[in-house]
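# Observations on chain architecture
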Amino acid sequence: HQADPRETELHLFPKGEVFKLDGDCSYVVIEGLDIRYQYNALHFEPGAHHVTVRDCAVKGGRYHVLVRGGAHDLVFDGLSVHDRFPDWVAWSDVKRPTSGGPGHLFQGAAIHLTNDVDQVEVMHGSFTGLFDGIGAANAPTHLRVHHNTFDVRDDVLQLGSAGWGIEFDHNRVLRAHSGGP
């Protein structure tokens, strides 16, 4: 953990995706890759389905993996997302009532599920140095998160009240909602 701002690495990412899986993408396995240096490393469009991401290291900008509503039957097995959320950024700078300050831009998740995604499994992953682990604040259904390690500043799994069929088990959670190192 870096407490001195002068020792913090700075990565600048262009907008876009390394992999964008469109709605007609199905029955694909992405395995053993280092996927990095775009705003979203992986972007799943509505309709993408039956995709497995296995044993990949991912580094994106705000969201490392972005899944749009309508995508379904996705498996993330052995995903590693290691970010460097600075310890010297205050939780309150990120969670201010109105967005706009630079701290708010750190409020990204390793995996961000939007709207109505269905049948997503996240297992055997490592999510460290992030502000949030998994963002699923809308209406995910049949989401299973198990056998992962999370070392995040705020939320390990942020759920929306419209979601159902959620299983969260056998995970190791460190520093969640600690607000600091």
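Presented here is an overview of the structure given in this document. (Residues numbered from 1 in each chain as written. Predicted model: local features only at pLDDT ≥ 70, side-chain atom pairs only at ≥ 80, totals over all residues. Heavy atoms only, no water.)

The strand order across the open sheet formed by six strands is 2-5-8-11-14-17, and the pairing between neighbours is parallel. Each having just a single partner strand, strand 2 (26-31) and strand 17 (164-169) make up the two edges of the open sheet. Averaged over all adjacent pairs, the angle separating strand axes in this sheet is 5 degrees, with direction ignored. Relative to strand 5 (residues 49-54), strand 2 is paired through five bridges, and the arrangement is parallel. By the bridge assignment, isoleucine 30 is partnered in strand 5 with valine 53. (Pairing = 2+ DSSP bridges. Helix = DSSP H or I, 4+ residues; strand = E, 2+ residues; numbered from the N terminus. Axes fitted to C-alpha atoms, helices over the stretch in contact; angles between N-to-C directions.)

Turning our attention to the side chain of asparagine 171. Relative to the assigned elements, asparagine 171 resides in the loop between strand 17 and strand 18 (172-174). A relative accessible area of 18% places asparagine 171 in the buried class. Here the side chain of asparagine 171 touches asparagine 148 through a polar contact of 2.9 Å, landing on its backbone nitrogen. Here the side chain of asparagine 171 touches aspartate 169 through a polar contact of 3.0 Å, landing on its backbone oxygen. (Buried < 20%, exposed > 50% of the residue type's maximum accessible area, 1.4 Å probe, protein only. Polar contact = N/O pair within 3.5 Å; in protein donor to acceptor, adjacent residues only side chain to side chain.)

Residue position: tryptophan 88 is located in the loop between strand 9 (80-82) and helix 1 (91-94). According to the relative accessible area criterion, tryptophan 88 is partly exposed, its value standing at 39%. Between the alpha carbons of tryptophan 88 and threonine 8 there is a distance of 9.8 Å; along the sequence they are 80 residues apart.

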